[in-house]
Amino acid sequence: MMTIALSKGRIFEETLPLLAVAGIVPAENPEQSRKLIIGTNRKEVRLVIVRASDVPTYVQYGAADIGIAGKDILLEHGGVGLYQPLDLAIAKCRMSVAVPEGFDYAAAVKRGARLRVATKYLNTAREHFAAKGVHVDLIKLYGSMELAPLVGLADAIVDLVSSGATLRANHLLEVEEIMQISSRLVVNQAALKMKRDRLQPLIDAFAGAIIGAISGTTAP
Ligand SMILES: Nc1ncnc2c1ncn2[C@@H]1O[C@H](COP(=O)(O)OP(=O)(O)OP(=O)(O)O)[C@@H](O)[C@H]1O
Ligand SMILES: O=P(O)(O)OC[C@H]1O[C@H](OP(=O)(O)OP(=O)(O)O)[C@H](O)[C@@H]1O
């Protein structure tokens, strides 16, 4: 049996074309099913549906052989026990610092102010501000970071931005890009040794799908 850990939503949707290139078609869509283990057209391949933040943990401990997780999530997890052979170039966005309109972030940094920053991404935020020499108190949140500055919980946030629509809707401005984000294939290091005959063809098919996508010959 080969077990693939995926989160529902954008990762699942954007992984479907890659799975198709590998000849794998899920039996159900997790959006329409409450099932957490989903079979596929190949009896030896199954999907487990977990929170995006939990994908690296399932793969690290071998509960899944392989999974797909955002760079944002992998940096927080630390990558222990994971082999990361491929950047899949899906679920692309960026991680940025944002502040309320009217807050002069550059001036606050220049005068050495201590900033309260709300984020789900403590490790990445800590490293970013340490490298810039900005003093911060980090406040851990699990979602809807955009709310924090609006109600006085924080001066700034570190969050993911794609179209910028969420920031605009909440009168926030992106003031600093920390890094570009995309999702990666993660493989349990022990499973790669024990099940290489089954895992390598899947890794190769995903790699081919990315090259095909870049050259315009294959989905996605
Ligand atoms: N607006 C976006 N556009 C493109 N990619 C995104 C966007 N937001 C998040 N991502 C990427 O997709 C991944 C999965 O996002 P998703 O919203 O499904 O999970 P989440 O809600 O962030 O995580 P969890 O459910 O564990 O709290 C993120 O880890 C990130 O890499
Ligand atoms: O720049 P935009 O295109 O508006 O995208 C940015 C939003 O996308 C993500 O949230 P998501 O839609 O995944 O919601 P959730 O993670 O809070 O469930 C992220 O946390 C931002 O809030």
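Residues numbered from 1 in each chain as written. Chains lettered and ligands numbered in written order. Predicted model: local features only at pLDDT ≥ 70, side-chain atom pairs only at ≥ 80, totals over all residues. Heavy atoms only, no water.

*Asks:* How should the site of ligand 1 be read in this particular structure?
*Replies:* By nearness alone, 16 residues border ligand 1, and Arg10, Arg51, Ser53, Asp72 and Lys120 come closest of all. Here an oxygen atom of ligand 1 and a side-chain polar atom of serine 53 are 2.5 Å apart. With respect to ligand 1, the side chain of lysine 120 contributes an N or O atom lying 3.0 Å from an oxygen atom. Compared with its free state, where it exposes 620 Å², ligand 1 has 78% of that area covered by protein. Grouping the constituent residues of the shell around ligand 1 by class yields seven nonpolar, three polar and six charged. Counting contributing residues per domain, the shell around ligand 1 is built from domain 1 (2-91 + 182-215) and domain 2 (93-180), each supplying no fewer than three. (Near = heavy atom within 4 Å. Polar contact = N/O pair within 3.5 Å; in protein donor to acceptor, adjacent residues only side chain to side chain. Areas by Shrake-Rupley, 256 points an atom, 1.4 Å probe, with all protein chains shown as cover. Nonpolar A, V, L, I, M, F, W, Y, C, P; charged D, E, K, R; others polar. Domains from an automatic or database assignment.)

*Asks:* Would you explain the sheet that holds strand 10 (residues 172-181) in this entry?
*Replies:* The strands that make up a sheet are held in pairs by hydrogen bonds between backbone atoms, and each pair lies either parallel or antiparallel. Strand order in the open sheet formed by five strands is 8-7-9-6-10, and the pairing between neighbours is mixed. The sheet is open, and its two edges are formed by strand 8 (136-140) and strand 10, each paired on a single side. Going from strand to strand, the sheet's axes swing by 30° on average, the running direction of each strand aside. Sheet analysis places strand 6 (residues 93-100) next to strand 9 (residues 156-161), joined by five bridges and oriented antiparallel. Looking at strand 9, one finds that valine 97 is bridged to valine 158. (Pairing = 2+ DSSP bridges. Helix = DSSP H or I, 4+ residues; strand = E, 2+ residues; numbered from the N terminus. Axes fitted to C-alpha atoms, helices over the stretch in contact; angles between N-to-C directions.)

*Asks:* Just checking my understanding: could you explain helix 8 (residues 196-215) for this structure?
*Replies:* Residues three or four positions apart in an α-helix share a direction because the helix packs 3.6 residues into each turn. Helix length check: helix 8 (20 residues) gives 28 Å between terminal C-alpha atoms against 28 Å at 1.5 Å per residue, within 8%. Three or more residues of helix 8 are buried, namely Leu199, Leu202, Ile203, Ala205, Phe206, Ala209, Ile210 and Gly212. On the buried face of helix 8, the contacting elements are strand 1 (2-6), helix 1 (10-21), strand 4 (66-70), strand 5 (82-87), strand 11 (183-188) and helix 7 (189-194). (Expected span 1.5 Å × (residues − 1). Buried < 20%, exposed > 50% of the residue type's maximum accessible area, 1.4 Å probe, protein only. Contact = heavy atoms within 4.5 Å.)

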